[in-house]
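Here's the letter readout for the chains.
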Amino acid sequence: MRPTVLFYNPISTSPGKQRLPLSLLAVSAVIADDYDVEFIDGNLVPDPAERIIERAKATGAKLLACTVMPGPQLRQAVPACKRVKTELPDLTILWGGYFPTQHDEVILRSGIVDYIIQGQGEAPFRQFVDTLHHGGTLTDIPSLGYNDNGTPKVNPRAPVVPLNGLPWYPYDKIDVDRYVGRSYLGKRVLSHNTSFGCPFACNFCAVVALANRRWIPESAERVANIVTHLHDRWQIDGLEFHDMDFFVSEARTADFADRIAGKGINWWALGRVDTLMGYSDATWDSMKRSGAKMIFMGAESGDDETLKRMNKGGRSGTQMTLALVERMKHYGIVPELSFVLGNPPDPAADIEATIRFIRKLKTINPASELVLYIYTPVPQEGSILLDEATRLGFRFPETLDQWASPEWAKFSMRRDPSTPWFKDTTRRRVRNFESVINAYYPTVTDMRLQGQWKRWLHMLSGWRYRMEYYDWPYELKALQRLIHYRRPETTGF
Ligand code: B12
Ligand code: SF4
């Protein structure tokens, strides 16, 4: 009989919005030929700990592999894994993904999690599973973190492996239909990930710790084959690419776009302003023809000095962002721009500069979507933002229970962090501005927001927008609640 390995994807979003658990599909793919793999998704089952315990007892599984990002996912993972460990102390618990890559010590000291794997998971995970089931020294495995008689240790990273040589995700091991969603992109939307990492090192970004500035892509041919499979097997008409930086290679984008043109698939992906500005008109034409609908980019700030402090790198700058949203207007592809506001030491000043910038940007391309995040530090060597935050008294939690508290979940959601330099009045300023601008320029991507409501919101917010008066927008908030329309900040990235 083949051994069973259990995979746990803690809850990551509200009911009905669940995305394919790509992280676990990626790592399970490399063992699925030799082991039975079973998935427990906290987005789909009400009590994942109970299900894990039941499946571990039924299958005799020795390993529970769990992916964890900070935020609500961590909030569920901590109590669930604690309960599993208490009930089944012999079941090995392994965590991988963003949180263990950044915060190894707090996990390895917790007594809940036995091992972690940092960075790209596939190769070390295969080695770990084989060693656990067939013998050998676990503590020699690269990228592995473990507890050495009370001292947390982490081995040097495994070399990254090319994605083209890896097996496809084992879609047949999950009920894919439960992940088919409906959105601005289409009636049947799924997701895929076509690359690992990003070549840049912005000092507010968790991707840097994960990938150390490496970018490893799948070939255009492989991506197109997978997309075609998703289309033929699940009749998708929309696709989200969850890569951190889908567009690094223009040749790959153009080739991929030509390969899927005509299939009737609308797509969305994340990229950088300077990369996309460097693309030729021919590539933009191909992207448009192939169904590109919306591109998510980090504009980050309306102030070039702040961009430098963020180590945004490349050629990105505020003028280039304005030029790009104009170019995208021409192609009818919606720019979705995220901002990281409230950087230390003077969050109020950088917010005011960004508010002015956003007003300019909306004048050029009113269809632009906005996602306003508040800066929260991530561990990163040499980050001047983290150094400044530390100087101002910021410290990461010292226990997993603290990380799982509502306050730290809010911190991880980057909407309302209680960081020492960020005052409540500044937070209110951001949220009030957001209410006004979202009312004045209601999102073009909302399927439920019809013409009449749009006109009402626009009219009601007009005087505020013109007078640049954003305080106490209770009437807009009430109307927004009433309509409950989809605003971009609720997409959850
Ligand atoms: C898809 C996604 C989501 C989905 C949920 C996915 C899910 N698992 O259900 C949705 C949209 C719901 C979501 C929500 C949020 N997300 Co999110 N999300 C992503 C995104 C875009 C892709 C993740 C992914 O699937 N990648 C594809 C897979 C194949 O790659 P991977 O996850 O890196 O996995 C590899 C390794 O990490 C490792 N690995 C991962 N898991 C495991 C497990 C084991 C056992 C092993 C061995 C290895 C391993 O091996 C894998 C293969 O190499 C990332 C950014 C990115 N592109 O990575 C952000 C990202 C992870 N999200 C992030 C955040 C902050 C959030 C939110 C808090 C949103 C917000 N307000 O900011 C929410 C709330 C999350 C929650 N509830 O806890 C941040 C995390 C920041 C941080 N400090 O760590 C990221 C990095 C975005 C960013 N640039 O800031 N998210
Ligand atoms: S370019 Fe984007 S993904 Fe890359 S390090 Fe900067 S913020 Fe992170």
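Calculation rules
- Residues numbered from 1 in each chain as written.
- Chains lettered and ligands numbered in written order.
- Predicted model: local features only at pLDDT ≥ 70, side-chain atom pairs only at ≥ 80, totals over all residues.
- Heavy atoms only, no water.
- Patch = residues over 30% accessible without salt bridge, like charges linked within 9 Å, V, L, I, M, F, W, Y side chains within 5 Å.
- Areas by Shrake-Rupley, 256 points an atom, 1.4 Å probe, with all protein chains shown as cover.
- Salt bridge = Lys/Arg side-chain N within 4 Å of Asp/Glu carboxyl O.
- Helix = DSSP H or I, 4+ residues; strand = E, 2+ residues; numbered from the N terminus.
- Buried < 20%, exposed > 50% of the residue type's maximum accessible area, 1.4 Å probe, protein only.
- Axes fitted to C-alpha atoms, helices over the stretch in contact; angles between N-to-C directions.
- Parallel < 35°, antiparallel > 145°, perpendicular 65-115°, else oblique.
- Contact = heavy atoms within 4.5 Å.
- Nonpolar A, V, L, I, M, F, W, Y, C, P; charged D, E, K, R; others polar.
- Domains from an automatic or database assignment.
- Buried area = accessible area lost by both parts, 1.4 Å probe.
- Polar contact = N/O pair within 3.5 Å; in protein donor to acceptor, adjacent residues only side chain to side chain.
- Phe/Tyr/Trp six-rings, centres within 6.5 Å; stacked < 30°, edge-to-face > 60°.
- Lys NZ or Arg CZ within 6 Å of the ring centre and 35° of its normal.

1. Side note on a nonpolar patch on the surface
Inference 1: Together, W453, W456, M459, L460 and L482 line one region of the surface with nonpolar side chains, adding up to about 540 Å² of accessible area.
Inference 2: In this fold, L482 is placed in helix α20 (residues 474–483).
Inference 3: L482 gets classed as exposed once you look at its relative accessible area, which sits at 61%.

2. So, the packing of helix α14 (residues 347–364) against helix α18 (residues 424–440)
Inference 1: One way to put it is that α14 packs onto α18 with a least axis distance of 10 Å and a crossing angle of 10°. It follows from the interaxial angle that α14 and α18 lie roughly parallel. Residues P347, A348, I351, E352, I355, I358 and K362 of α14 form the contact with α18, whose own contacting residues are T426, R429, V430, F433 and I437.
Inference 2: Considering only residue class, the contact of α14 with α18 consists of 8 nonpolar, 1 polar and 3 charged.

3. Some thoughts on the domain arrangement of the chain
Inference 1: Here the domain parsing of the chain yields domain 1 (4–154) and domain 2 (180–391).
Inference 2: Counting from both sides, the interface comprises 10 residues of domain 1 and, opposite them, 13 residues of domain 2.
Inference 3: Roughly 1,000 Å² is buried in total at the junction of domain 1 and domain 2, and carbon and sulfur atoms are behind 70% of that figure.
Inference 4: Area buried by domain 1 at its contact with domain 2 is led by L22, Y98 and Q102, which between them contribute 47% of it.
Inference 5: Here domain 1 is connected to domain 2 by 1 salt bridge.
Inference 6: Notably, a salt bridge pairs R19 with E240, separated by 2.9 Å at the nearest N-O pair.
Inference 7: Our enumeration of links across domain 1 and domain 2 arrives at 1 residue pair in polar contact (both at pLDDT 80 or more).
Inference 8: Here the side of domain 1 that touches domain 2 gets 3 residues from one element, more than from any other, and that element is helix α4 (residues 98–102).
Inference 9: Here the residues of the side of domain 1 that touches domain 2 are counted per class, giving 3 nonpolar, 6 polar and 1 charged.

4. As for the packing of aromatic side chains
Inference 1: Enumeration over the complete set of coordinates arrives at 32 aromatic pairs.
Inference 2: Seen in terms of ring centroids, F394 and W421 are 6.3 Å apart; in terms of plane orientation they differ by 65°. Their pairing is edge-to-face. In this pair, F394 sits in the loop between α15 (384–391) and α16 (400–403) while W421 sits in the loop between α17 (406–413) and α18, placing the two residues 27 residues apart along the sequence. Each member of the pair, F394 together with W421, is buried.
Inference 3: Seen in terms of ring centroids, Y440 and Y441 are 5.0 Å apart; in terms of plane orientation they differ by 85°. Their pairing is edge-to-face. Y441 matches Y440 in its accessibility class, with the two residues each being buried.
Inference 4: Ring pairs connect the aromatic residues F99, Y375, F394, F396, W403, W408, F411 and W421, which therefore count as one cluster.
Inference 5: The aromatic ring of F246 is capped on one face by R252, whose charged end is 5.0 Å from the ring centroid.
Inference 6: Here the basic side chain of R359 rests over the ring of Y465, its NZ or CZ set 4.0 Å away from the ring centre.

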